[in-house]
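One letter stands for each residue in the lines below.
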Amino acid sequence: MERERALSELKSRFVSMASHEFRTPLSALLSSAALAQQYLERGEASKTIKHIEKIKASVKNLNDILNDFLSLDKLEQGGVQMSITRFDLREFAEGICEEMENFIKPGQDISMSFDGPVDIDQDQHILRNVLINLLSNASKYSGEEKIQLVVAATPDSVSIRVIDKGIGIPEHQQQHIFGRFFRADNTSNIQGTGLGLNIVKRYVELMKGSIAFKSELGVGTTFHIELPRA
Ligand code: ADP
């Protein structure tokens, strides 16, 4: 009963937060679609492309919110099944960086470095969700700065760092950032739900790993994950 009540409270909180968070990307979508059409009719290719980029960013934003909610719902219901396979972590990380290239802000750049043995036995879907979440945050909370994904594997474990030179997290709020719905007070004009890191932490725990971070206001943030390789 207690669990049911907590879940239903979470859902109603999510619905009110999501309807608020959906409005901005939806109206951005609508106006960009109208503008893209106008520019296309006038044959202005570069402006058309700019608005198509905005449409992609808005759709990604909506998709991220929905994915986070579905992940959280599954985690709450205890329905996350791990599906462990052996894969090449280097290829996997390169693929994620390539995918993210489509979504980072203009002027940003993602670079990846890899060191050590490449095979890992983990849940690809969960690890992907974790890395996309951290890289999306690195992009969202930075300007035209470099984002780095640094992977170093040893025979037993893998260390993954996502490094940005963005706005940072105020020190007095750092202890709360894995809390559900928590957003630091320097994010007021940046959209978000405060769910991503809560999910990331729980996913990392499912993978039997750990997560930590270092952040300085106005200097940048590094998230550091350690995972067993098998
Ligand atoms: P959201 O980004 O939707 O607000 P998250 O759970 O992903 O939610 O992050 C929680 C909060 O942690 C953010 O609102 C922000 O204050 C802070 N945060 C997370 N990642 C970063 C980062 N890379 N740089 C600065 N602040 C961050």
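See the structure above.
Residues numbered from 1 in each chain as written. Predicted model: local features only at pLDDT ≥ 70, side-chain atom pairs only at ≥ 80, totals over all residues. Heavy atoms only, no water.

Novice: Now, about the pairing of strand β6 (residues 210–216): what can you tell me, with residues and values included?
Specialist: Judged by which residues are buried, β6 turns out to be one-sided: Ile 211, Phe 213 and Ser 215 face inward and are buried, whereas Ser 210, Ala 212, Lys 214 and Glu 216, on the alternate face, are not. Direction of pairing for β6 relative to strand β7 (residues 220–228): antiparallel, over a ladder of seven bridges. In the sheet register, Lys 214 faces β7, and the bridge partner there is Thr 222. Hairpin remark: β6 followed by β7, antiparallel, with three residues in the connecting loop; positive phi at Gly 218, about 75 degrees. (Buried < 20%, exposed > 50% of the residue type's maximum accessible area, 1.4 Å probe, protein only. Helix = DSSP H or I, 4+ residues; strand = E, 2+ residues; numbered from the N terminus. Pairing = 2+ DSSP bridges.)

Novice: Quick one: what's the story with the nonpolar core, residue by residue and with numbers?
Specialist: Leu 89, Leu 127, Ile 160 and Phe 223 are the most contacted members of the largest nonpolar core, which totals 53 residues. Of the residues forming this core, the biggest block, eight residues, is contributed by helix α4 (residues 124–140). Beyond its immediate sequence surroundings of up to four residues, Ile 160 is in contact with Leu 127, Leu 131, Leu 149, Val 150, Val 151, Phe 223, His 224, Ile 225 and Leu 227. (Core = buried A, V, L, I, M, F, W, Y, C linked by side-chain atoms within 4.5 Å. Contact = heavy atoms within 4.5 Å.)

Novice: Account for the side chain of Ser 139, with residues named and values stated.
Specialist: Tracing the backbone through its elements, the reader meets Ser 139 in helix α4. Contacts of Ser 139, omitting those with residues within four sequence positions, involve Phe 103, Ile 104, Lys 105, Gln 108 and Ile 147.

Novice: Go over the pattern of salt bridges with me, naming the residues and quoting the values.
Specialist: Overall, the coordinates contain 12 salt bridges when judged by the stated rule. Salt-bridge contacts for Arg 42 lead to Glu 44; the nearest nitrogen and oxygen are separated by 3.6 Å. Overall, the relative accessible area of 26% leaves Glu 44 in the partly exposed class. With its nearest N and O atoms 3.5 Å apart, the salt bridge here joins Glu 44 to Lys 47. In this structure Lys 47 comes out as partly exposed when scored by relative accessible area, which is 38%. (Salt bridge = Lys/Arg side-chain N within 4 Å of Asp/Glu carboxyl O.)

Novice: An account of the site of the ligand is needed here, citing residue identities and associated values.
Specialist: Around the ligand, the structure places 19 residues, and the nearest of them are Asn 137, Tyr 141, Arg 183, Thr 193 and Leu 197. Lys 140 is positioned such that a nitrogen or oxygen atom in its side chain is 3.0 Å from an oxygen atom of the ligand. In the model, an oxygen atom of the ligand is placed 3.2 Å from a nitrogen or oxygen of the Gly 196 main chain. For the ligand, whose unbound accessible area comes to 530 Å², protein coverage reaches 98%. For the shell around the ligand, the secondary-structure elements that each account for two or more residues are α4, α5 (196–206) and β7. Residue composition of the shell around the ligand, by class: eight nonpolar, eight polar and three charged. (Near = heavy atom within 4 Å. Polar contact = N/O pair within 3.5 Å; in protein donor to acceptor, adjacent residues only side chain to side chain. Areas by Shrake-Rupley, 256 points an atom, 1.4 Å probe, with all protein chains shown as cover. Nonpolar A, V, L, I, M, F, W, Y, C, P; charged D, E, K, R; others polar.)

These values are about where atoms sit, not about what they do.
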